[in-house]
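# Fold and geometry: a report
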Amino acid sequence: MKAPLISVMRDENVTIPCEFSDFSPGRTMNVQWFKSQNGSSTEVFRYIPGRAQVFRIGSYMEEESEIQRGNAALHIPRVQFSDDGEYICTVIVTPEYMEGRSTLQVSAGPSAALIPRDAITVELGSERSMSCEVSNFYPKDIAIRWVRHEKDSTKRVVLERVNCICDTITNTDGTFNTSSQLTLYPTMEDDGSKYSCVVKHRSLQEDLVKNITLTVTEREDNSRAVVAAVICTILGMAVLLSAGLLYYQVIKKDPPSVSEISVSEPLIDMSRTTLTCHITNFKPSDLEISLCLRRLGGEMKEVYTWRSRDLRMDDLEQQRLMNGDVNHTQRPLYLEMTADLKADRSRLLRCISWRRLSTYSCQCSVHITPSFSEDNGAEFSVRVSHPALTESSSQQRTLWVIGAFADNMAEKG
């Protein structure tokens, strides 16, 4: 019997030979094929005259006449990695027994690619790595080495200390991927040198080689680039700062803060008194101020409204809350001794605005002549509306008015 070593690539068709002789023709003959792999044995094919049993799907033997002439070869179509192993052919011609062995190696050839692909440029004084990517090979055992070709010479130097092989990855089809990296620290003498990634695998009749050429350049003077980068950085910061200032001064809206309502002196029956409220730190300058009053037993009513947009910003004299006849809703207000608000005495609401860090402030002074009988215990409110406010902001103060009788008694006392 002849038992050759057979190497095939995955998906190829293979014939494993089994020839025998020196037997008596016409006697009963049985043939069995077994595969031994990783210490276990499985039956692949069984031939008994007149019938055959197939255990590996698709496998078959020669016609019976060929078998009778001593050819018991096994045919396996589209071999896979699972078909890899040692095959044992046993021929029994009672009482004789013959056996032959063949080793089937199923492989997948690797493909290789360099990154970068064909050429690599390194600046003098720096380092650079390149990678040799090897993929879709079987079995797992593989050897990768880097070789440097001497310039103007056929001499080759195997590089062993400057490369590393990464972990092997298993693909879903059973093949493997791996890679090897080479790190270079070149000098100007290495300029123009050629490097090769050499792959050795059992599926290859000759080594798989990928070449790359190294170019080494002088270190560039980066001072101009540094200066340009600094200038660009400064300009960029200036642009950002300008944009920030533009946003803060023109676009951003700040809501006003409204102080408590203060009184310059006690409220005395039918005596003119000034109430003051400060509105600060707001922008834009658009502002609306409403004065509201609620006497005992009544409802809060708006008695006066002032709007800054009705004024010309270049005329400081007009930047005041006036009691003038601007329209029929902005008329002089009088607090009479009645149950409702009526025109009685004028009150002056003055507002002075100025610009400070792009914000505005407003001092509102309200001159009022209260009545003890009508206004004592009344709620006085300053309500402020502004584009930065979702709802009006207001301050309230209870008017405690001292009657004339009490005042006279205090003077006599």
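This write-up is about the structure you can find in this document. Bear in mind the structure is a predicted one, so any value in this text is a computation, not a measurement. Residue indices begin from 1 for each chain and proceed along its sequence in written order. Two thresholds apply to this predicted model, a pLDDT of at least 70 for residue-level local features and 80 or more for giving and counting side-chain atom pairs, whereas whole-chain, interface and lining totals are computed over all residues. The side-chain numbers reported here are obtained from all heavy atoms of the structure, hydrogens and water having been left aside.

### Here's the deal with the side chain of E379
- In this structure, E379 sits in strand β29 (residues 378-385).
- Exposure categories follow from relative accessible area, calculated using a 1.4 Å probe and restricted to protein chains: below 20% of the type maximum is buried, above 50% is exposed, and the middle band is partly exposed. The charged-residue count follows a simple rule in which Lys and Arg add positive charge and Asp and Glu add negative charge, with His and chain termini not counted at all. We count a salt bridge whenever a side-chain nitrogen from Lys or Arg sits within 4 Å of a carboxyl oxygen from Asp or Glu. Within the buried set, E379 has no salt-bridge partner at all; the shortest N-O distance to an opposite charge, 5.2 Å, is to R294.
- Polar contacts involving the side chain of E379 include one to the side chain of T398, which spans 2.7 Å. Note on conventions: DSSP H or I runs of at least 4 residues are helices, E runs of at least 2 residues are strands, and numbering of each starts at the N terminus. N or O atoms closer than or at 3.5 Å make up a polar contact, with two conditions inside protein: a donor-capable atom paired with an acceptor-capable one, and, for residues adjacent in sequence, both atoms drawn from side chains.

### A few points about the sheet that holds strand β9 (residues 96-107)
- The strand order across the open sheet built from 6 strands is β1-β9-β8-β3-β4-β5, with neighbouring strands paired in mixed fashion. Two strands bound the open sheet, and with one partner strand each, they are β1 (5-9) and β5 (51-54). Along the sheet, successive strands turn relative to each other by an average axial angle of 25 degrees, direction set aside.
- Bridging between strand β3 (residues 29-37) and strand β8 (residues 85-93) involves 8 bridges; their strand directions are antiparallel. Counted as the bridge partner of K35 is Y87 from β8. Paired strands, in this sense, are two strands between which DSSP finds at least two bridges. Axes here mean lines fitted to C-alpha atoms, for a helix over just the part in contact, with angles spanning 0 to 180 degrees between N-to-C directions.

### Digging into the environment of K210
- With respect to the secondary-structure elements, K210 resides in strand β19 (residues 208-217).
- Residue class for K210 comes out partly exposed when judged on its relative accessible area of 31%.
- Considering only alpha carbons, one finds K210 and V199, 11 residues apart in sequence, at a separation of 8.6 Å.
- The contact criterion used throughout is that any non-hydrogen atoms of two residues lie within 4.5 Å. Contacts of K210, omitting those with residues within four sequence positions, involve A112, L114, Y195, S196 and C197.

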